[in-house]
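Report on the structure
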Amino acid sequence: MTVAKARKVPAMTRAQARAFITHLAEANPDARSELTYTDPYTLLVAVVLSAQATDASVNKATVGLFRDAPDPAAMVALGVDGVARHIRTIGLWRAKAANVVALSAQLLVRHDGRVPDTREALEALPGVGRKTANVVLNVAFDQSTMAVDTHIFRIGNRTGLAPGSTTRQVEDGLVRRIPADMLRPAHHWLILHGRYVCKARSPECWRCAGREECRFPDKRASPA
């Protein structure tokens, strides 16, 4: 049996990339993280918990968690079992509970209980990879980083905005193509666009603000 290969999507030009991002910004000017947090620490914990879980499920779990442990010292005192009791409803909760307590302990020992604002220090924390570090640097410290999750990876390839076979390739492509003055908020515009419009199985192309620039060859028409 012959399997048809997906058509390769041509990359956008820099002008198309700027126009695409501009249209997303105009469609969603107040885009922001949908995770519930109050400071860099609770943001960091929420992002760690969000791996392979929805923001909505994390927000439900952290209501009680952050009430009982709003800072690193309280989280360490709560312990792995105490954290686990709050987050059993989200994926990989055992490993995440251990990482949250371990990173909290490390913050106390190495950073006086504060969340560091450098990639190197963040990625040295248990459970924190490049994507999590990029989110924290972007949201908590207003740095122009691009965190590539499954939604942004899909958009980068499907639209031609930044094609790549790995998340790092897509990240580097987005950083190169998106104008510097738009890069920091572009993370929010893209992730929400992927979550609600440019969906994995059923992209709602008729609602896409950037459809004119999008290079996806199989754009879907509005359903009857």
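Going along each chain's sequence as written, the residues are numbered from 1 onward. pLDDT decides what is reported in this predicted model: residues at 70 or higher carry local features, side-chain atom pairs at 80 or more are listed and counted, and totals for whole chains, interfaces and linings draw on all residues regardless. The basis for every side-chain value is the complete set of non-hydrogen atoms in the structure, without hydrogens or water.

1. Let's talk about unusual backbone geometry
The cut-off we apply is this: Strands here mean DSSP runs of E at least two residues long; helices mean DSSP runs of H or I at least four residues long; both are numbered from the N terminus.
A positive phi is found at Gln 52, a non-glycine position, where the angle reads about 55°. Along the chain, the position of Gln 52 falls in the loop between α2 (40-49) and α3 (55-68). Here Asp 112, not a glycine, exhibits a phi torsion of approximately 55°, which is positive. By the element assignment, Asp 112 lies in the loop between α5 (93-111) and α6 (119-123).

2. Re the nonpolar core
The line we're drawing: The criterion is simple. A nonpolar core is a set of buried Ala, Val, Leu, Ile, Met, Phe, Trp, Tyr and Cys residues joined through side-chain atoms within 4.5 Å. Exposure is judged per residue with a 1.4 Å probe applied to protein chains only, and the accessible area is read against the type maximum: over 50% gives exposed, under 20% gives buried, and values in between give partly exposed. We call two residues contacting when some pair of their heavy atoms lies within 4.5 Å.
In terms of nonpolar packing, the biggest core is built from 35 residues, with Leu 44, Val 45, Leu 49, Leu 65, Met 75, Ile 87 and Leu 122 touching the most fellow members. Elements that contribute at least two residues to this core include exactly α2, α3, α4 (72-87), α5 and α7 (130-141). Take this core: its biggest share by element is eight residues, from α2. Those residues in contact with Ile 87, other than ones at most four positions away along the chain, are Leu 49, Ala 61, Leu 65, Trp 93, Lys 96 and Ala 97. The next biggest cluster of nonpolar side chains, apart from the first, holds 29 residues, and it includes Phe 20, Ala 162, Ile 191 and Cys 205.

3. Digging into the packing of helix α8 (residues 150-159) against helix α10 (residues 180-196)
Here is the rule: Inter-axis angles, ranging from 0 to 180 degrees, are taken between N-to-C directions of lines fitted to C-alpha atoms, where helices are fitted over the stretch in contact. If an angle is under 35 degrees, it is roughly parallel; if it is over 145, roughly antiparallel; if it lies from 65 to 115, roughly perpendicular; otherwise it is oblique. Here the term charged refers only to Asp, Glu, Lys and Arg, the term nonpolar to Ala, Val, Leu, Ile, Met, Phe, Trp, Tyr, Cys and Pro, and the term polar to all other amino acids, Gly among them.
It is the contact of α8 with α10, at a shortest axis distance of 8 Å, that shows an interaxial angle of 90°. Compared by their axis directions, α8 and α10 come out roughly perpendicular. Taken together, the residues of α10 that come into contact with α8 (itself represented by His 151, Ile 152, Arg 154 and Ile 155) are His 187, Leu 190, Ile 191, His 193, Gly 194 and Arg 195. Looking at side-chain class alone, the contact of α8 with α10 contains four nonpolar, four polar and two charged residues.

4. Side note on the side chain of Ser 50
Mapping Ser 50 onto the fold places it in the loop between α2 and α3. We classify Ser 50 as buried; its relative accessible area is 13%.

5. Here's the deal with the side chain of Glu 204
Under the convention used in this document: Residues adjacent in sequence count toward polar contacts only when both atoms are side-chain atoms; beyond that, a polar contact is any pair of N or O atoms within 3.5 Å, and within protein one must be able to donate a hydrogen and the other to accept it.
Looking at the element boundaries, Glu 204 is found in the segment after α10. We classify Glu 204 as buried; its relative accessible area is 16%. Here Lys 199 takes part through its side chain, which lies 2.9 Å from a polar atom of the side chain of Glu 204. Polar contacts involving the side chain of Glu 204 include one to the side chain of Arg 207, which spans 2.6 Å.

6. Focus on α5
The cut-off we apply is this: Under the convention used throughout, the expected extent of a helix is 1.5 Å for every residue step, that is, one less than its residue count.
Taking 1.5 Å as the rise per residue, α5 with 19 residues should run 27 Å; its terminal C-alpha atoms sit 25 Å apart, in good agreement. For α5, the complete set of buried residues consists of Trp 93, Lys 96, Ala 97, Val 100, Val 101, Leu 103, Ser 104, Gln 106 and Leu 107. Those residues of α5 hidden inside the fold are in contact with α2 and α4. Backbone geometry just after α5 places Asp 112 at a positive phi near 55°.

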